[in-house]
Amino acid sequence: MQVLRTLEEVGRHIKLLRSAHRSIALVPTMGGLHPGHIALVRRAVQYADTVIASVFINPMQFDCDEDFRLYPRNEQQDFACLRANSVEYVFAPAEHTMVMTTGDDGIYVTPGSLGLELCGHYRPSHFRGVLTMVAKLLNIFSPDVAVFGEKDYQQLFLIRKMVESLNFACHIAAVPTVRDGDGLAYSSRNSYLSHAQKQQALILYARLSQLACHISTEGPDISQYAALSEEATNYLNERDFEVEYLEVRDADTLLPGHERSRRLIAMAAAHLGKARLIDNVLFHP
Ligand code: AMP
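Here's a quick rundown of the structure. (Residues numbered from 1 in each chain as written. Predicted model: local features only at pLDDT ≥ 70, side-chain atom pairs only at ≥ 80, totals over all residues. Heavy atoms only, no water.)

**Some details on the pairing of strand E9 (residues 275–283)**
Every other side chain in a regular strand lies on the same face of the sheet, so the side chains alternate between the two faces. Quick note on the threshold: Burial classification: accessible surface area is computed with a 1.4 Å probe over protein chains only, and a residue below 20% of its type maximum counts as buried, one above 50% as exposed, and the rest as partly exposed. Put simply, DSSP H or I for four residues or longer makes a helix, DSSP E for two residues or longer makes a strand, and each gets a number counted from the N terminus. Strand pairing is assigned whenever DSSP detects at least two bridges linking the two strands.
Counting buried positions over the 9 residues of E9 gives 8, a clear majority of the element. Across 9 bridges, the pairing between strand E8 (residues 264–272) and E9 is antiparallel. The residue bridging Leu264 from the neighbouring strand is Phe283, located in E9.

**What about the site of the ligand?**
Applied cut-off: Residue proximity to a molecule or strand is established when one non-hydrogen atom of the residue lies within 4 Å of it. Contacts described as polar in this section are N or O atom pairs within 3.5 Å, which, within protein, must combine one atom able to donate a hydrogen with one able to accept it, while residues neighboring in sequence count only if both atoms come from side chains. Note on areas: these come from Shrake-Rupley sampling with a 1.4 Å probe, and a residue is covered only by the protein chains present in the view.
By nearness alone, 17 residues border the ligand, and His37, Gly149, Asp152, Val178 and Tyr186 come closest of all. A distance of 2.9 Å is found between an oxygen atom of the ligand and a backbone nitrogen or oxygen belonging to Met30. Taking His37, its side chain carries an N or O atom lying 2.8 Å from an oxygen atom of the ligand. When isolated, the ligand has an accessible area of 490 Å², and the protein chains bury 92% of it. Elements with a minimum of two residues in the shell around the ligand: strand E2 (24–29), helix H2 (35–47) and strand E5 (145–149). A per-element tally of the shell around the ligand places H2 first, with 3 residues.

**Observations regarding the sheet that holds strand E4 (residues 89–91)**
We count it as follows: Note on geometry: axes are lines fitted to C-alpha atoms, helical ones only across the stretch in contact, with angles between N-to-C directions running from 0 to 180 degrees.
An order of E1-E4-E3-E2-E5-E6 is seen for the 6 strands of this open sheet, with the pairing classed as parallel. Both edges of this open sheet fall to strand E1 (2–4) and strand E6 (171–175), since each of them pairs with a single strand only. On average, each strand axis in the sheet is inclined to that of its neighbour by 25°, with strand direction left out of account. Two strands pair when backbone bridges link them, and E2 and E5 are joined in this way by 2 bridges, in the parallel orientation.

**Notes on the nonpolar core**
We apply this condition: Nonpolar cores were defined as sets of buried Ala, Val, Leu, Ile, Met, Phe, Trp, Tyr and Cys residues, with membership established by side-chain atoms within 4.5 Å.
Within the largest apolar cluster, 46 residues are counted, with the highest numbers of intra-cluster contacts made by Leu138, Phe141, Ile159, Met162 and Ile172. For this core, the secondary structure elements donating two or more residues are helix H1 (7–19), E2, E4, helix H7 (126–141), E5, helix H8 (153–165), E6 and E8. Counting 33 residues, the second largest nonpolar core, distinct from the first, contains Val248, Leu264, Ala270 and Leu277.

**What to know about the environment of His171**
What counts, and what does not: Should any heavy atoms of two residues lie within 4.5 Å, those residues are considered in contact.
Mapped onto the elements of the fold, His171 is located in strand E6. According to the relative accessible area criterion, His171 is partly exposed, its value standing at 43%. Measuring from C-alpha to C-alpha, the distance between His171 and Pro143 comes to 8.4 Å, with 28 residues separating the pair along the chain. Setting aside its immediate chain neighbours within four residues, His171 contacts Tyr47, Asp144, Val145 and Ala146.

**Re the packing of aromatic side chains**
Selection criterion: Within 6.5 Å between ring centres, the rings of Phe, Tyr and Trp (the latter by its six-membered ring) count as paired, and their orientation is classed by plane angle as stacked under 30 degrees, edge-to-face over 60, tilted in between.
In this structure the tally under the stated criterion is 4 aromatic pairs. Their ring planes at 75° and their centres at 5.3 Å tell us that Phe91 and Phe141 sit as a pair that is edge-to-face. In this pair, Phe91 sits in strand E4 while Phe141 sits in helix H7, placing the two residues 50 residues apart along the sequence. For Phe91, a relative accessible area of 1% gives the class buried.

**As for H2**
Put simply, the test is: Under the convention used throughout, the expected extent of a helix is 1.5 Å for every residue step, that is, one less than its residue count.
Look at H2: 19 Å from first C-alpha to last across 13 residues, which is about the 18 Å you get at 1.5 Å a residue. Among all positions in H2, only Gly36, His37, Ile38, Leu40, Val41 and Ala44 are buried. Contacts made by the buried residues of H2 are with E2, strand E3 (50–55), helix H4 (75–83), E5 and E6.

**Points about the environment of Ala80**
Considering the arrangement of structural elements, one finds Ala80 in helix H4. Using a relative accessible area of 38% as the deciding quantity, one classes Ala80 as partly exposed. Between the alpha carbons of Ala80 and Ile57 there is a distance of 18 Å; along the sequence they are 23 residues apart.

**A look at the sheet that holds E9**
Taken in spatial order, the 3 strands of this open sheet run E7-E8-E9, and their pairing is antiparallel. Looking at the sheet topology across the chains shown, the edges are occupied by strand E7 (242–250) and E9. Geometrically, the sheet is characterised by an average inter-axis angle of 10° between neighbouring strands, direction not taken into account. Alignment of E7 against E8, held across 8 bridges, turns out to be antiparallel. What sits directly across from Glu247, in E8, is Met267. Strand contacts of helix H10 (residues 222–237): E7 and E8, with the helix running at about 155° to E7, the strand carrying the most contacts.

Shown next, in the form of structure tokens:
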């Protein structure tokens, strides 16, 4: 596996790959790799001749300095994990390579109003930071396919919208959320949780699943969605969580779920101890 640090190196290797007619799959990550990331890599291997992973903690998507400073960093461990999973190149640039100007002087890709709902309501510049970085990576690598996780469903949705709106010639592939044996969605931020908090964290997925199951079996009664969501929110808040949002949305539009929704998604973000957890359950009404 080759480690690429600069845009010049990337340019040289991409030219070689393209002249050999090799297709490219890109897996963007922020490191702190876990089985969820590996599932993305495995999917990428199926899609293209060459898999390139990026490991870059994107400062533009953090709304809090402390969260950025504390984010898990273990480059050598991440590289070993990628090497063991058939990744041919890892792009691990310095911050100045990827972040030119910031603040009001910066040039950004800005999502529409959906970027200010759900996670975006609590982290107003988050998706602008994500989309800007993903757009840069797509321009740098021109991959045939880029792979993302359904765990960050709103992110996946907005990336797809960006690719369509800005005519990126790249297929966006999605991988279902990978969970440990107990159902906890793998996340780099799970390292902030104690053993007891990890047990507690399971309730989030359990409650979302219960909500999804209730709507699936009772039939879609939109007038109940808000009450059911509030009930689940209160349940979690009484058990050490601080819920930011817990909602039922239409999985194809991310608008509030309605009677004609073909697919629904129960999605939530909640603080537990030092971690901010997000999770979702996709289901058919
Ligand atoms: P991150 O390193 O947290 O920015 O995540 C990089 C990619 O991995 C994103 O596309 C995430 O949606 C995806 N991802 C993170 N956790 C999981 C998981 N548990 N299952 C599937 N994909 C995941």
